[in-house]
Amino acid sequence: MRSAHRVETVRTAERTLMAQLPDGALMQRAAAGLAAACAAALPHIYGSRIVLLTGSGDNGGDTLYAGARLAKRGAGVTAVLLNPTRTHPEALKALLRAGGTTTTPTAPTTPSLINRADLILDGIVGIGGKGGLRPEAAPLAELAAASPATVVSVDLPSGIEPDTGEVNGPAIHADLTVTFGTHKPGLLIDPAREHAGSVRLIDIGLASTLPATPDVESLQHADVAALLPHPSPESDKYRRGVVGIAAGSARYPGAAVLAVAGALRGGAGAVRYVGPAADAVLTRFPETLVSDKGPRKAGRVQAWVTGPGAGDDAAPVAEALSTDVPVLLDADGLRLADRDAVRARTAPTLMTPHAGEAAALLGVSREEVESARLTAVRDLARGYHATVLLKGSTTLIATPDDDTPVRVNPTGTPWLATAGSGDVLSGLAGSLLAAGLSPLDAASAAAYLHGLAGRYAAKGAPTIAQDVAEAIPAAWRDITA
Ligand SMILES: NC(=O)C1=CN([C@@H]2O[C@H](COP(=O)(O)OP(=O)(O)OC[C@H]3O[C@@H](n4cnc5c(N)ncnc54)[C@H](OP(=O)(O)O)[C@@H]3O)[C@@H](O)[C@H]2O)[C@@H](O)CC1
Ligand SMILES: [K+]
């Protein structure tokens, strides 16, 4: 599990830990880890040209101490001081003692210094930052972006919002981010995540004083393996769960076929289909149980998936919502469902909008959702009393309970943005709901499997939703191997 904590939580944990340690010990731990990561990113240290973009806070302090360590090993290190009179004094002394030099952002040689560097350390601002980079710092980010040097951000890329992953104005683009003690939510959530490059966590002992429950978390293979259902020798199809699919229409039969394709590979014992696309479903998947009745009368089902390809037919959506089993609401169903009916349900509801659908439900623009995903997913979950999976470049899952960490899906590929891929995800997540997983676990395990399957299906080239569904078993095997 990757855990991320918000700034306020990090600050509290830092204070507790600092009180138990000699002065400056934490910064030395951070600087040592940072210097080691920089050394590993360079072909050789001796003779390398390193530039430190240095702000006036402790983020700048970490950077100067790491620079001093690298200067001692023979690198040529120059610090560009954004605020020379307020630079961390001891760290600056350490750099100068080690043979490093300083300059200012406006010095005529600064652009060529940055352009000729092998490595640039971004220590402009860390968790103390708010808003995009200030006017005096923004040109340094532009110079760093234009330089062929490797850019390493210290703790986080300067200019991003650490708590939300929002980017409001200019920000550094890093190849590598070396973060201390715990991940920050912005390192996991787009658009900020794209600024971070690969992320390396340095242990500075903070785990002992951080709360056990993070603010944001990201499942890894082992976490998902532990969630996926394993049939026991006594399992029959009913004990493994039956997932009902009330989806598709005469106009959009394909959505039903793809939802069934996902559901069949999701671990439920059987898939029951109701709706106008029965012929198309049976032709493709003869193993489907088909009923000509609505969701309430179709027979035993442990979870319903409704909405994909529904067109304008609100009746099956309303009927599925009126049952007392978990319901997954997707696509047209999100628009057709009555908000009060969703809020009044006693069984769990899982909603799976993409940014455009989320925007329509929230009454904001798509851009607003994409730039502030964490806020959007939390608002929807609270507003509908439902678990919400917000699809996108970083898929997020939130429950209506604010104290439950938001999950970020780490798998996935831009190739998954293809027609019908969401229908496969709905079927898959519905199947896991029917197998007895909580909405949060079903959604996160499904997103993880689906993302991995997308990568396998795409292998770096365009893919189609059917191929994604067909790659789910391979992803499942890899995760559980
Ligand atoms: N937590 C931990 O356990 C540990 C934390 N450690 C390190 O401490 C860091 C936090 O240090 P911090 O608190 O001194 O704040 P920091 O990020 O340097 O920023 C403050 C400076 O930035 C400026 N500034 C603000 N916004 C800005 C903007 N948009 N654009 C430009 N500038 C902006 C602001 O200016 P001011 O408002 O004062 O004028 C002030 O000068 C943390 O990220 C980690 O690296 C490690 O050493 C060890 C363990
Ligand atoms: K930084």
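Residues numbered from 1 in each chain as written. Chains lettered and ligands numbered in written order. Predicted model: local features only at pLDDT ≥ 70, side-chain atom pairs only at ≥ 80, totals over all residues.

## Description of unusual backbone geometry
For clarity, the threshold we go by: Note on conventions: DSSP H or I runs of at least 4 residues are helices, E runs of at least 2 residues are strands, and numbering of each starts at the N terminus. Between the buried cut of 20 or more and the exposed cut of 12 or fewer other C-beta atoms within 10 Å of a residue's own C-beta lies the partly exposed class, and all C-beta atoms are placed from the backbone.
Note that the residue after Asp190, namely Pro191, is joined by a cis bond; omega there is 5°. Mapped onto the secondary structure, Pro191 falls in the loop between strand S7 (176–180) and helix H7 (192–196). Within the chain, Asp155 stands out as a residue other than glycine whose phi angle is a positive 70°. If you trace the backbone, Asp155 turns up in the loop between strand S6 (150–154) and S7. According to the C-beta neighbour criterion, Asp155 is buried, with 28 such atoms within 10 Å.

## Details of the nonpolar core
Quick note on the threshold: Among buried residues, those of type Ala, Val, Leu, Ile, Met, Phe, Trp, Tyr and Cys that are joined through C-beta atoms within 7 Å form a set called a nonpolar core. Domain limits in this description derive from either an automatic procedure or a database domain assignment. This entry defines residue contacts through backbone-placed C-beta atoms, with two residues in contact when those atoms are within 7 Å.
Formed by 156 residues in total, the largest nonpolar core has its most connected members in Ile245 and Val260. Per-element accounting of this core gives the leading share, 11 residues, to helix H18 (residues 439–458). Split by domain, this core shows at least three residues from each of two domains, domain 1 (2–218) and domain 2 (221–480). Among all residues touching Val260, those that are not within four sequence positions of it are Ile245, Val271, Tyr273, Val281, Phe285, Thr288 and Gly427.

## Details of the environment of Leu206
By secondary structure assignment, the location of Leu206 is in the loop between strand S8 (198–202) and strand S9 (216–218). With 20 C-beta atoms counted inside 10 Å, the residue Leu206 sits in the buried group. Considered as a pair, Leu206 and Phe180 are 26 residues apart in the sequence and their alpha carbons are 8.4 Å apart. Contact partners of Leu206, with chain neighbours within four places excluded, come to Ala13, Glu14, Leu17, Gly181 and Thr182.

## Observations regarding the domain arrangement of the chain
Domain annotation for the chain reports domain 1 (2–218) and domain 2 (221–480). Counting from both sides, the interface comprises 15 residues of domain 1 and, opposite them, 13 residues of domain 2. Among the elements that line the side of domain 1 that touches domain 2, the one with the most residues is S9, at three residues.

## Points about the sheet that holds strand S4 (residues 101–103)
Note the cut-off: In this scheme, strands are said to pair when DSSP sees at least two bridges between them. Fitting a line to C-alpha atoms yields each axis, with helices limited to the stretch in contact; the angle taken between N-to-C directions then spans 0 to 180 degrees.
If you walk across this open sheet you meet the seven strands as S4-S3-S2-S5-S6-S7-S8, and the pairing is parallel. The two strands at the open ends of the sheet, each matched to only one other strand, are S4 and S8. Shown here is a sheet whose adjacent strand axes are inclined to one another by a mean of 20°, direction ignored. Looking at chain direction, strand S5 (residues 119–123) and S6 are connected through four bridges and run parallel.

## Comments concerning the site of ligand 1
Here is the rule we go by: In this entry, near means the residue's backbone-placed C-beta atom lies within 6 Å of the molecule or strand. Just so you know the grouping, Ala, Val, Leu, Ile, Met, Phe, Trp, Tyr, Cys and Pro go in nonpolar, Asp, Glu, Lys and Arg go in charged, and all remaining residues, Gly too, go in polar.
Of all residues adjacent to ligand 1, which total 29 residues, the nearest are Gly57, Asp58, Asn59, Gly126 and Gly128. Elements with a minimum of two residues in the shell around ligand 1: helix H1 (7–18), helix H2 (25–41) and helix H3 (58–72). A total of four residues in the shell around ligand 1 trace back to one element, the largest contributor, which is H3. Class assignment of the residues belonging to the shell around ligand 1 gives a composition of 13 nonpolar, 10 polar and six charged.

## Focus on the sheet that holds strand S17 (residues 396–398)
In spatial order, the strands read S1-S9-S18-S17-S16-S15-S14-S13-S10-S11-S12; together these 11 strands make up an open sheet with mixed pairing. What marks the edges here is a single partner per strand, and that holds for strand S1 (2–4) and strand S12 (289–291). Across the sheet, the mean angle separating the axes of adjacent strands is 20° when strand polarity is ignored. Sheet topology note: the strand S10 (residues 242–246)/strand S13 (residues 303–306) ladder contains four bridges and is parallel. When the bridges of S13 are listed, Ile245 appears paired with Val305.

## A short note on the packing of helix H17 (residues 421–434) against helix H19 (residues 465–480)
Filter applied, for reference: For classification, angles of less than 35 degrees are called roughly parallel, those exceeding 145 degrees roughly antiparallel, those between 65 and 115 degrees roughly perpendicular, and all remaining angles oblique. Here a crossing is called left-handed whenever its near helix is offset anticlockwise from the far helix by less than a right angle, and right-handed whenever the offset is clockwise.
Taken N-terminus to C-terminus, the directions of H17 and H19 make an angle of 30°; their axes are 8 Å apart at the nearest point. With respect to H19, the element H17 is oriented roughly parallel. Remark: the crossing between H17 and H19 carries right-handed chirality. Counting all contacts with H17, which are made through Ser421, Asp423, Val424 and Leu428, the residues of H19 involved are Ala465, Val468, Ala469 and Ile472. Each residue belonging to the contact of H17 with H19 can be placed in one class, and the counts come to six nonpolar, one polar and one charged.

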